[in-house]
Amino acid sequence: MKQHVQHLVIGAGAAGSAAAYALARRGQDVLLLEQFQIGHERGSSFGPSRIFRLAYEEPDYAGLAQSALASWRALERESGEQLYWRAGGLDLGPAGTPSLEAVHASLSALDAVPERLSRRELARRYPQWQVPPEWEAVYSPEAGIVSPQITLRVLTDLARQHGARVLEGVAALEIQAGQQPAVLTSMGVITCDHLIVAAGAWLPRLVPGLQPSLSVTLAASSFYRPDNLAAFQPERFPVFITHDDEFQAYGFPAFGIPGVKIGVDVVRPVTSGDDRTFEVPPQVSEASDTFMRRYLPGASAVMERQTCLITRAPGSDFILAPHPDCPQITLASACSGHGFKFTPLLGELLAAHALGERHPWHLPRFALPPQAVWQTAEQHPLPGGL
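Overview of the structure. This is a predicted model, so every value here is computed, not measured. In this convention, every chain numbers its residues from 1, walking through the sequence in written order. The model is predicted, so local features are restricted to residues of pLDDT at least 70 and side-chain atom pairs to those at 80 or more, both for listing and for counting; the totals for chains, interfaces and linings are taken over all residues. Only heavy atoms go into the side-chain values, all of them from the structure, while hydrogens and water stay out.

### Things to note about the overall build of the chain
Threshold: Under the DSSP-based scheme used, a helix requires at least four consecutive residues in state H or I and a strand at least two consecutive residues in state E, with every element numbered from the N terminus. When we talk radius of gyration, it's over C-alpha atoms, and the globule rule is simply 2.2 Å times the number of residues to the 0.38. The cut-offs for exposure are 20% and 50% of the maximum accessible area for each residue type, with area from a 1.4 Å probe on protein chains only; residues under the lower value are buried, those over the upper are exposed, and the others partly exposed. Only the protein chains shown count as covering a residue, and every accessible area follows the Shrake-Rupley method with a 1.4 Å probe. Lys and Arg are tallied as positive, Asp and Glu as negative. Neither His nor the chain termini are counted. Charge positions are represented by NZ for Lys, CZ for Arg, CG for Asp and CD for Glu.
Assigned secondary structure in the chain consists of eight helices and 19 strands. For a compact globule of 386 residues, the expected C-alpha radius of gyration is about 21 Å, and the chain comes in at 21 Å, within 12% of that figure. If you line up the chain on its principal axes, its C-alpha atoms span 65 × 40 × 40 Å. For the chain, with 386 residues in total, the buried portion stands at 58%. Surface exposure of the chain reaches about 15500 Å², of which carbon and sulfur atoms provide 50%. A distance of 4 Å separates the average location of the 30 positive side-chain charges in the chain from that of its 38 negative side-chain charges.

### A short note on unusual backbone geometry
A positive phi is found at D111, a non-glycine position, where the angle reads about 60°. The residue D111 is located in the loop between α3 (98–109) and β6 (115–118) in this model. The phi dihedral of V113 falls on the positive side, at around 40°, and the residue is not glycine. Relative to the elements of secondary structure, V113 occurs in the loop between α3 and β6. A relative accessible area of 58% means that V113 is categorised as exposed.

### Here we look at the packing of aromatic side chains
To be explicit about the condition: Classification of ring pairs uses Phe, Tyr and Trp, with its six-membered ring standing for Trp, and accepts pairs whose centres are within 6.5 Å; under 30 degrees between planes counts as stacked, over 60 as edge-to-face, and the remaining range as tilted.
Per the counting criterion, the structure on display carries 23 aromatic pairs. Ring geometry for Y61 against F318: centres 5.6 Å apart, planes inclined by 75°, an arrangement best described as edge-to-face. Separated by 257 residues along the polypeptide, Y61 in helix α2 (residues 59–79) and F318 in the loop between β17 (301–312) and β18 (319–323) bring together distant segments of the chain. F318 carries the same exposure label as Y61, and that label is buried.

### What to know about the sheet that holds strand β3 (residues 50–52)
Filter applied, for reference: By the convention used here, strands pair only if DSSP detects at least 2 bridges between them. The axes used here are C-alpha line fits, helices contributing only the stretch in contact, and every angle between their N-to-C directions lies in the interval 0 to 180 degrees. Every residue pair with non-hydrogen atoms within 4.5 Å of one another is taken to be in contact.
Taking strand neighbours across the sheet as the criterion, the three strands line up as β3-β8-β4 in an open arrangement whose pairing is antiparallel. Each edge of the open sheet carries a strand with a single partner, namely β3 and β4 (84–86). Strand-to-strand twist across the sheet, computed as the mean angle between neighbouring axes with direction ignored, equals 30°. Across three bridges, the pairing between β4 and strand β8 (residues 144–146) is antiparallel. The partner of W85 across the bridge, within β8, is I145. Contacting β3, β4 and β8, α2 crosses the sheet at an angle of about 110° to β3.

### Brief notes about the sheet that holds strand β7 (residues 135–140)
Spatially, eight strands are ordered β6-β7-β5-β14-β15-β16-β13-β17 in an open sheet, and the strand pairing comes out mixed. Each of the sheet's edge strands pairs with one partner strand only, and the pair in question is β6 and β17. The sheet shows a mean angle of 20° between the axes of neighbouring strands, taken without regard to direction. In this sheet, β17 lies alongside strand β13 (residues 215–225) in antiparallel orientation, the contact comprising 11 bridges. For F223, the partnering residue across the bridge sits in β17 and is E304. Along the sheet, α3 makes contact with β5 (89–94), β6 and β7, crossing β7 at roughly 25°.

### Regarding the nonpolar core
To keep things clear, this is the line we draw: The set of buried Ala, Val, Leu, Ile, Met, Phe, Trp, Tyr and Cys residues whose side-chain atoms join them within 4.5 Å is what this entry labels a nonpolar core.
With 57 residues, the main nonpolar core has F52, I196, L320, F342 and F366 as its most contacted residues. Ranked by residues supplied to this core, first place goes to helix α1 (residues 14–25) with nine residues. Beyond its immediate chain neighbours, meaning those up to four positions away, I196 contacts L8, V9, I10, A19, L23, T330, A332, L350 and A354. Core analysis: the next-biggest nonpolar cluster, separate from the first, contains 32 residues, L33, A177, I190 and L214 among them.

### Side note on the environment of L64
Turning to its location among the elements, L64 is positioned in helix α2. Sequence-wise, L64 and L346 are 282 residues apart; in three dimensions their C-alpha atoms are separated by 9.8 Å. The residues touching L64, leaving out its near neighbours within four places in the chain, are F342, L345, W361 and F366.

### Section: the packing of α2 against helix α8 (residues 343–354)
Heads up, the condition is: Here the angle decides the label: under 35 degrees means roughly parallel, over 145 means roughly antiparallel, 65 to 115 means roughly perpendicular, and every other value means oblique. Amino acid classes used here: Ala, Val, Leu, Ile, Met, Phe, Trp, Tyr, Cys and Pro are nonpolar; Asp, Glu, Lys and Arg are charged; the rest, including Gly, are polar.
Axis separation between α2 and α8 bottoms out at 7 Å; the angle between their running directions is 95°. Considering their axes alone, α2 and α8 lie roughly perpendicular with respect to each other. Along its contact with α2, which presents L64, S67, A68, S71, W72 and L75, the element α8 presents T343, P344, L345 and E348. Residue composition of the contact of α2 with α8, by class: six nonpolar, three polar and one charged.

### A look at the environment of K2
Along the chain, the position of K2 falls in strand β1 (residues 2–10). For K2, a relative accessible area of 58% puts it in the exposed group. Sequence separation between K2 and M187 is 185 residues; the distance between their C-alpha atoms is 8.6 Å.

See below:
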């Protein structure tokens, strides 16, 4: 089978689903392909919770997040569903830590009214925490939680309502960057006027030129059962990120699962979308358990552990750029371990790019990395079907 569409999107994770929705909402002919099922657990965009925060060291990412919050609100209005839960956020670590100071400065520049909390004030407001005497915290009121499992359902449902076709269980096998983009899929060849490749951990395989620029690693998170579940609800326990040489950790209140979620950045094995394992590295389990016993002793009983994939670009930036051999192809890698909070805004950016428009938040840092290696291969026609 061979068919042609106006806009073809590969990958129904965060960026791909948001792009399909944004294009369909503007009356475009859109086909979204997902090789597994919407919300599957083999990639990056799944599970009950991701952090939303403005607390970035880099001012442009902080501003991007502030703009993304408006996009989340607009998506909530159209869908009629809550997608962002405000819980507040804590950045914690030794007083004077440069990254902690940079977060406070960035939030202040946004007029995001950050608060400095001494250890004593932290203990008074959030007694769940047991931190060293030299620690302090920066509290951010706009931080909160967004849910991949809810968001992807909403985005794909709305895309369909606006006329997009969403096909699950259809894998993209090969991309031809000719005068007219063509994709060999498990159901045949699809040509299009514009192609968005948002394949996450499978992007390096589909676009070999990006292999030097993208690293796919296995990340893990653990859930812990609190002694007092009420004390760890979102209204009483903010999301958090630590700035500490021993533990680079992030976590959530009980949300979606009756347990505290934490991730500790100790080791992240290099893998790929096709070869990944679901086994949690023992170093990660040990570090997570140690962190909880030391800093959050009221929630240290392990409930379960999960793994996900992080596709990281240089400098932990995103790639939202045209294919150098074919401007009708947009390459989208918007993960780097912190991309989900921008989901609806990323969809708007990708839609604008596909339509030849300039978006005010398309930052220069989203350009194709210099590490990318491109060798224009001899063009050959893809087979007409399988």
